Every structure is written in C-alpha cells, then in structure tokens.
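# Geometric and topological summary
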Amino acid sequence: MQFPESWLREFCNPPITTDALANLLTMAGMEVEEARPAAPPFTQVVVGQVLGVERHPGADRLNVCQVDVGRGSPLNIVCGAPNVRAGIKVPCALVGAELPPAADDKDGKPFVIKLGKLRGVESQGMLCSARELKLSDDHGGLLILSDTATVGEDIRKHLRLDDTLFTLKLTPNLGHCLSVYGIAREVAALTGAPLKTPAFPPVAASHRDTLPVKVQATDLCGRFSGRIVRKVNPKATTPTWMVDRLARCGQRSVTALVDISNYVMFEYGHPSHIFDLDKIHGALTVRWGRAGESLKLLNGNTIELDGAVGVIADDEAVESLAGIMGGDATAVSDDTRNIYVEAAFWWPEAVSGRSRRFNFSTDAGHRFERGVDPALTVEHIERITRLIIDICGGEAGPIDDQAPSLPERKPVTLRVARAAKVIGMPVSQAQCEGVMQRLGLQFTSAPGLLTVAPPSWRFDLQIEEDLIEEVVRVIGYQSLPNTPPLAPVTARLRSEASRSLGSVRRSLAALDYQETINFSFVEERWEHELAGNADPIRVLNPIASPLAVMRSSLLGSLVNVLRVNLARKATRVRVFESGRVFMRAADAADGPLSVAGVHQPMRLAGLAYGSADAVQWGAQERPVDFFDVKGDIEALLAPHAARFVPAEHPAMHPGRCARVEIDGEPIGFVGELHPKWRQAYELPSAPVLFELDSAALLARDVPTFAPLPRQQSAWRDLSVIAGDGVTHDALMQAITADLSASHAGLVRSARLFDIYRPANPAADIGPGERSLAIRLELLDDEATLTDPRIDSVVADVLQALKRRLGVRLRA
C-alpha cells in the first residue's frame, strides 16, 4: 500500500522524523518497503501568472510571455508550450533555479536556468511542465495550477512537494491497515500521539426515494447499505487536492464520481461502488451467480459466472461482481444524472480467490479478502455523499441499511504468564492492559487473565497468540533482551558404521557422473510406465498440470534429463540424483519426519548414455553397456560385495536387468532401458540405468585388524567343462559354499581367468558346453599346506562343482 506521509500526519502527527516513522512502522510489522520523496529536489521555482502572450517575431512555435512572479515588474519569458495563454498560473523557474536533470543526462547534474536569448529575444526564466519538474510523465504542456494559487509562492510549498511517499508491504493479517486512517490508528497506539477521530455528520435527505434491495445470500453479504443521489453533475472537475492525494497513492484520476469512491477507500479502507441509477432495471438482488450467466466488467473483460461467484443483479441481468468490480452496463458516464451509492460487507471467504480465478486483481477485492469493518458502511456512505454533493452537486435520499448476517467476534483470553513465556521477557498485567487500551480493544481483566473482545475492524484476533503478538508489537521488538540459547551445543557424531549421503554423492561424481536436481512431482505417465505404479499419490494443487503426481522412482526424472540434454546436442550423458520417493504405505505413521500412509525412502539413481569414456587416443570408442555401470555400482558399494541377480523391472530390458543384492537383501536394480520405452521417449539408443536404496549405500563395515599371514599361499588351476547355462555367480557359490567342514576356510579366493569354446565340436567338449579355467588360492594360517592336503581340497572343490552344477574335469 502506498500513501503520502502528510496525509497520515493529518490523522496522527507524532513528534518523530520521517526516518523514525518508517522504522517504527517496520518494527511494528508493517514493513516499509520504500520511502521516497514526492518530488526530486529543485530550487527557485515559484507560482507565476501569465499576464500576456505575443507571437515570437522570429519563430512560429514560440511565444513571448509577460509573467508576474510577485517581484515587481513582470518577467519576459520565451515559451513554446501549446497551452500557454493569458490568465493561467503556472510554475515559473527564475534565473539561477536548479531543476532536476533530464532523463537523457548521463552526468545527473541539475539543470540550471540562465539569462539568455531565444531567437534574439531575451528570456528571464522558464515556464515549467510537470515532466520538467519530474512530478509526472505528462509533457503535453505547462502544469496549470489552481486559480487560488498565490503568485510568487514557492511551488514546493503550494503543491506540498516536501512530502514522503511510503510503500508498505503488509501481511494478509493486517487488513485493518489498508487505509491511511488504519495506519494512523496503529501509529497512535505505538507512539501515544493523539488520533484524530473522524466525524461523519449525516447528510440531510432531500427526497424519500430508495432502491429496493434483497439480500438472498447471507453467506455472501453480511451487510448492505445504499443511497440514491439525484441531479449530480458527472462532468464536475475533481479538486486538485484530491487528484494529488490519489496520485500519491498510486491511483490515477478518472472522473469526479470514481475519484471520490477511490479517495474514501484509501482514506478509511472501505471500498464502495457507484451505479448509474437510470441503468438499473427494477430492484437489486444480492445472490450467488448461476451457470450460464455472464458479465462485462468495467475493465472490458467478459466473464462466465457460476455458483461459486457472488453477484449483484437487477431484474434483468447481473450488474456487478460482488466485492471485486462493477459491471460495464451500469457504469457512470458523462450522461449520468442519478446515482446509487453502495457500501457493503462481503464475507472474506466469499471473495477470496475469485479475482485470481479471472486473472486480475482489484483494490476492493484485496481489502474484502482480508476483512473490512462491517460496522461503518453507513458512515462511509455519509462521507461519500458529502464529497459528491460538495463536488458534483445533487440531492441525497435516505440510506437503506440491511444487516442480515454480521460477523460474531468471540472473546479471546490472554494469560499474562503465557505471554511472558512466549515473548521471552517479563511482562506485567498492567503492561498488557495498557497495550489493549492503546489499541482500542475492549477487555475485562482478572488476576493473570485478560479477556479481549475483538473490535469489528480486527479480523486477525482469533487466538491467544494473536494477542501476544499485539503485546510485543506495541511494547517494541527492540525491547526484547539479547538472550543466548540455553541448550547445550553438542556435536552429532556419525557412527563409524555409516557414511554421509554427501560422501556417496562425491564418490559418484568421482566416477564421472554429474548430479541433477529435479522436482518431486512428476508426470503421471512416468509413474505408470517407468515405475509400474498404477496409483501414484496425487498433488492437490500442482504448479503445472503435467506435474500432477508424486514420484515413486527417480528413473523418470533422469530419462527426462537425458532427453533435455539430447535436445541440446549432447552425445555423452552420465547423470545421477539423490532424493526421496513417495509411495503409499498403510503402516506408515505420523512422526517428526513422516506422514501417515506415505513411505518416503531416500533413493540414489543414475543414468549412463553414449560412449563409455570421453574421446581419447588410448582406447577405441565404444558405447556404455551394462557391465560398465555394474562396475560403477561395485565401486560405489565397496568394500561390500554385491550380487547381481537376473530380474525384471518395469523400466528395464527383461534380458539385461539385474537385481542388486548385499548379503542376500535386495537394494535396487540396474539395467538397460526397455526397448519400448526407448522408442516411446524417442531416444536414439538405450541408456543404462540404476536405482538403489540410500540406506544400503550409507552402511559400511567398521575396519577390523587382521594380522599378515605367516604362511604362503598355494595356487592351483582347474579346467572344467560346464554347460552354457552355468553362470559365473553359480560357479563361485559352488566353490565357496559346498566344501566339507575340514576344508572350509582354506579356499581364500577363486577367479575365472579363461573361457574356451571350440569353433568345431571337440572330442571332450560337446555342443552347448564350454571350458572354464579357474585359479584357486589356498591358505592355512596355522600350518604349511602339503601336497596331499592341497590335492584333497581340489578334489573337494571338483566334487562340489559336479554335485551342484554337473561340471566335469577336462582331460
């Protein structure tokens, strides 16, 4: 909200400076976003009256003017303004005056008026426009002043330019401060300076005409007041003082009737509307809109209505959007002679959000959404009527006032001890009572308690904390003591058996992956196709219509990141993301970090696309494959040994997908993107993806001491014939798991180092078979291995392989 300081001080004038006033408002919760002068500095500009105008002898577009500036003889001034004429009063810059620099002046130095000649005629000053004084952007001619201006008076004093414009950034609970009087009321409470209480003397009725009004929807309108004023002059000129004040509130002048309505809204915070009475058909009805109805508004927009929008309608059509904007059909014009002035109380819930629905906002809607005082609708109509009659003339009728449903304000109790605890410093009951008195709040007191009856203009006083806020706000936040925290500062040490997620992310970045951050809400298609989630959690109010559900997998976001990079001609993409996913879980309970019915585990996912390595001379370029990413996962999980078990995943190729396990527990999946999704998402080739539970990545074994072996290892190579269906994992499991008790622990490692499949069938290798060469490392920490013991272990290994996998020793 913007307003001039001078207007505020007419209601309450505390003995403090402008800077102190700005600081006071900010510290009281009414943040002063900007405080700027009403006009830039300039000097020696006075009110001048043009006595005579003659054509310049050497220029068709210039005039030579005789100007009286109250200093004896008139000045001779050359002027080229098209609206200069004898008799008008205008700002006149004398010789030596310093005017604001021009907009294109890069130096920013004041423009100094000097005695000079224009086309041979001496000019002893300059007649000024509003633009030249930086009062507005109007450059159509001279700034013509009122006839009551005193010749020779300083223009800054005449126009009250030594003023400051405050712009406040008000929170939604401060609806009672959306007027100059409302802010003055707060300043009076904060400073103790007297408040000038407005008086609204009733305007005597000159006729008995009223307009029938029926309030059908009491949940829309709690009070409706109106009055007919006849024989007004809509072409009357708005007084200069009113135009100036509206301009300093950021509101341009329209017509006298509209300006009066806006002026009272800025003055006392209650919006009103003026109808052209002769354009209203029959009676008015306050009701909810109906499907199929439409309304052309004052801004030229035509909107479609329904039952969620409040309206004012006559017997034939809808005429106004309740609490927001009037209709074009009943707008006042130059032909208007009779008007109907309306001021109502619209329930905040009935107005809230309606303006945004139609993609515009109004000052009236902004105020009604936050709550407008319902007790003063009649008084505000009296104020508007008086201004209309004084400026536009007319004859007022009686006021019709209906109050079918006024808000009931429940008393709020304040515990003094509770206030002291919340505020953090001692406060007495006398202090609390003093605050309530200064704010104009009625209350009853008991030892340690105050029961406050919120006034009609305070919609924000509903709970005890609201009153506590008022106490500390008036006492002053600067009075709060600087109290250090009492809680001990204790470092939260991480267990050695875990590492941070940041450490995991740095490890993945060291493996040549780049981190991405995506929204937790994603397209529903991604959930169905890439996560196999038929019932994702929906977002009630999505920021964009496609991002309508919460993700249960990170893979969809990474595939979208790949598409964005490919659209920008990237040929090699390696990205990862860590974040929470969201899944329905009936057993999930509410907690500090949880929500009932929603499981929210942390996941880490990655994607690799393009060549396995950056372009280099030392290796031939090849596409990344499953085993490259498998190696990255193994490096990430080290020293844990992961198993990769063939599995299926909705997003991955059914024959090129594995479940990642540690100690038999599944922790995620890795695999190539499914061909149908590669085609559906228009990817040139399939990327390799993985997604792992973060909890498994964070866990790690605490290092334990192991002495160096005192004995030497023994090595034996075996060559066995096995079927093509025998996997490496099954081979290693058979070697390490199926040994006899006497040989358990002697086989320290087993490594497959060769695979041979003959081009043509051989005598010892049949169709569907291949030769596997395995190197065994044998070690006994307690005694040296002898050849008989080694041969016995090798025989045991061969027996285990034969029994479990059906392999045989190659001859």
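To start, this report covers the structure provided alongside it. (Residues numbered from 1 in each chain as written. Predicted model: local features only at pLDDT ≥ 70, side-chain atom pairs only at ≥ 80, totals over all residues. Heavy atoms only, no water.)

## A few points about the overall build of the protein chain
In plain terms, the rule: Where helices and strands are cited, they refer to DSSP runs of H or I of at least four residues and of E of at least two residues respectively, numbered from the N terminus. As a reference, a globule follows 2.2 Å times the number of residues to the power 0.38, and the radius of gyration itself is taken over C-alpha atoms. Here a residue-residue contact requires only that any non-hydrogen atoms of the pair lie within 4.5 Å. Each accessible area value is a Shrake-Rupley result obtained with a 1.4 Å probe; residue values ignore everything except the protein chains displayed when judging cover. For the charge count, each Lys or Arg is scored as positive and each Asp or Glu as negative, with His and the chain ends excluded. Where a charge sits is defined by one atom per residue type, namely NZ (Lys), CZ (Arg), CG (Asp) or CD (Glu).
Counting its regular elements, the protein chain contains 21 helices and 40 strands. Rg of the C-alpha trace for the protein chain: 42 Å, well past the compact-globule value of 28 Å for 811 residues, more than 25% over. With the principal axes as the frame, the protein chain shows a C-alpha extent of 130 × 80 × 60 Å. Within the protein chain, contacts between residues at least 6 apart in sequence are counted, and of these 69% link residues at least 24 apart. Here the protein chain has roughly 41300 Å² of accessible surface; of this, 51% comes from carbon and sulfur atoms. Across the protein chain, the 87 positively charged side chains and the 99 negatively charged ones have centroids separated by 2 Å.

## Side note on the layout of surface pockets
Just so we agree on the cut-off: For cavity detection a 1 Å grid was placed over the protein atoms alone, and a set of points counts as a cavity when a 1.4 Å probe fits there but cannot get out; an open set counts as a pocket when protein lies on both sides within 12 Å along at least five of seven lines, with lining residues being those that have an atom within 4 Å of a point. Grid points are joined across faces, edges and corners, and a volume is the space filled by probe spheres set on the points.
Considering only enclosed or pocket space, the largest pocket measures out at about 1100 Å³ in volume. If you trace the largest pocket, you find 31 residues lining it, with K630, E634, F644, H728 and D729 closest to the centre. Broken down by secondary-structure element, the contributors of at least two residues to the lining of the largest pocket are α17 (626-637), β33 (643-646), β34 (652-662), α20 (728-737), β38 (747-756) and β39 (769-778). The calculated volume of the second largest pocket comes to roughly 800 Å³.

## Details of the sheet that holds strand β18 (residues 310-313)
This is how the line gets drawn: The rule for pairing is simple: two strands pair if DSSP sees at least two bridges between them.
Pairing is mixed across the open sheet formed by 5 strands, whose spatial order is β12-β15-β18-β19-β20. Each edge of the open sheet carries a strand with a single partner, namely β12 (213-215) and β20 (325-326).

## A few points about the packing of aromatic side chains
Under the convention used in this document: Pairs were defined over the aromatic rings of Phe, Tyr and Trp, the Trp ring being its six-membered one, requiring ring centres within 6.5 Å. Orientation was assigned from the angle between planes: stacked under 30 degrees, edge-to-face over 60, tilted for the rest. The cut-offs for exposure are 20% and 50% of the maximum accessible area for each residue type, with area from a 1.4 Å probe on protein chains only; residues under the lower value are buried, those over the upper are exposed, and the others partly exposed.
Taken as a whole, this structure holds 14 aromatic pairs when the rule is applied. Between F3 and F166, the aromatic rings sit 5.8 Å apart at their centres with planes inclined by 35 degrees, giving tilted as the arrangement. Taken together, the positions of F3 in strand β1 (residues 2-4) and F166 in strand β11 (residues 164-169) put the pair 163 residues apart, joining distant regions of the chain. On the accessibility criterion, F3 (0% relative accessible area) is buried. Overall, F166 belongs to the buried group, its relative accessible area being 0%.

## Thoughts on unusual backbone geometry
Peptide bonds are, in most cases, trans, and in most cases residues other than glycine have a negative phi. With an omega of 15 degrees, the peptide bond running from A638 to P639 counts as cis. Within the secondary structure layout, P639 lies in the loop between α17 and β33. Phi is positive for R160, which is not a glycine, with a value near 55 degrees. For R160, the position within the fold is in the loop between α3 (155-158) and β11. The partly exposed category is assigned to R160, whose relative accessible area is 43%. Residues other than glycine seldom take positive phi values, yet K569 does so here, at roughly 70 degrees. Within the secondary structure, K569 is located in the loop between α16 (555-567) and β29 (573-580).

## Digging into the packing of helix α11 (residues 416-423) against helix α13 (residues 464-475)
Counted only if it meets this: Axes here mean lines fitted to C-alpha atoms, for a helix over just the part in contact, with angles spanning 0 to 180 degrees between N-to-C directions. For classification purposes, an angle smaller than 35 degrees is called roughly parallel, one larger than 145 roughly antiparallel, one from 65 to 115 roughly perpendicular, and anything else oblique. For any pair of crossing helices, the crossing counts as left-handed if the nearer helix is rotated counterclockwise from the farther one by less than a right angle, and right-handed if it is rotated clockwise. Note that Gly is not counted as nonpolar here; it falls among the polar residues with everything else outside the nonpolar set of Ala, Val, Leu, Ile, Met, Phe, Trp, Tyr, Cys and Pro and the charged set of Asp, Glu, Lys and Arg.
Interaxial distance between α11 and α13 falls to 10 Å at its minimum, and their mutual angle equals 65 degrees. Judged by the angle between their axes, α11 and α13 are roughly perpendicular. For α11 against α13, the interelement crossing comes out right-handed. On α13, the residues that touch R418, A419, V422 and I423 of α11 are E464, E465, I468, V471 and V472. Of the residues that constitute the contact of α11 with α13, the class distribution is 6 nonpolar, no polar and 3 charged.

## Quick notes on the sheet that holds β39
Taken in spatial order, the 4 strands line up as β38-β39-β37-β40 in an open sheet, and their pairing is antiparallel. Two strands close off the open sheet at either side, each with one partner strand: β38 and β40 (808-809). Bridge analysis of β38 against β39 gives 8 bridges, and the strand direction is antiparallel. In the strand pairing of β39, I755 is matched with L772.

## Overview of the state of the cysteines
The cut-off we apply is this: A pair of cysteine sulfur atoms is labelled a disulfide when the two atoms are within 2.5 Å.
Summed over the entire model, instances satisfying the criterion amount to 0 disulfides. Between C79, a cysteine without a disulfide, and C65, which holds the nearest cysteine sulfur, the sulfur-to-sulfur distance is 5.0 Å.

## Considering empty space enclosed by the protein
Scanning the entire structure with this criterion turns up 2 cavities of 30 Å³ or more. Quantified by volume, the largest cavity comes out at close to 50 Å³. Counted by class, the lining of the largest cavity contains 4 nonpolar, 2 polar and 3 charged residues. Volume-wise, the second largest cavity comes out at about 40 Å³. Taken together, V522, W526, E527, L530, A531, R551, S553, L555, G556 and S557 form the lining of the second largest cavity. Put simply, the parts of the chain that give the lining of the second largest cavity at least two residues each are α15 (524-530) and α16. Here the lining of the second largest cavity is composed, by residue class, of 5 nonpolar, 3 polar and 2 charged.

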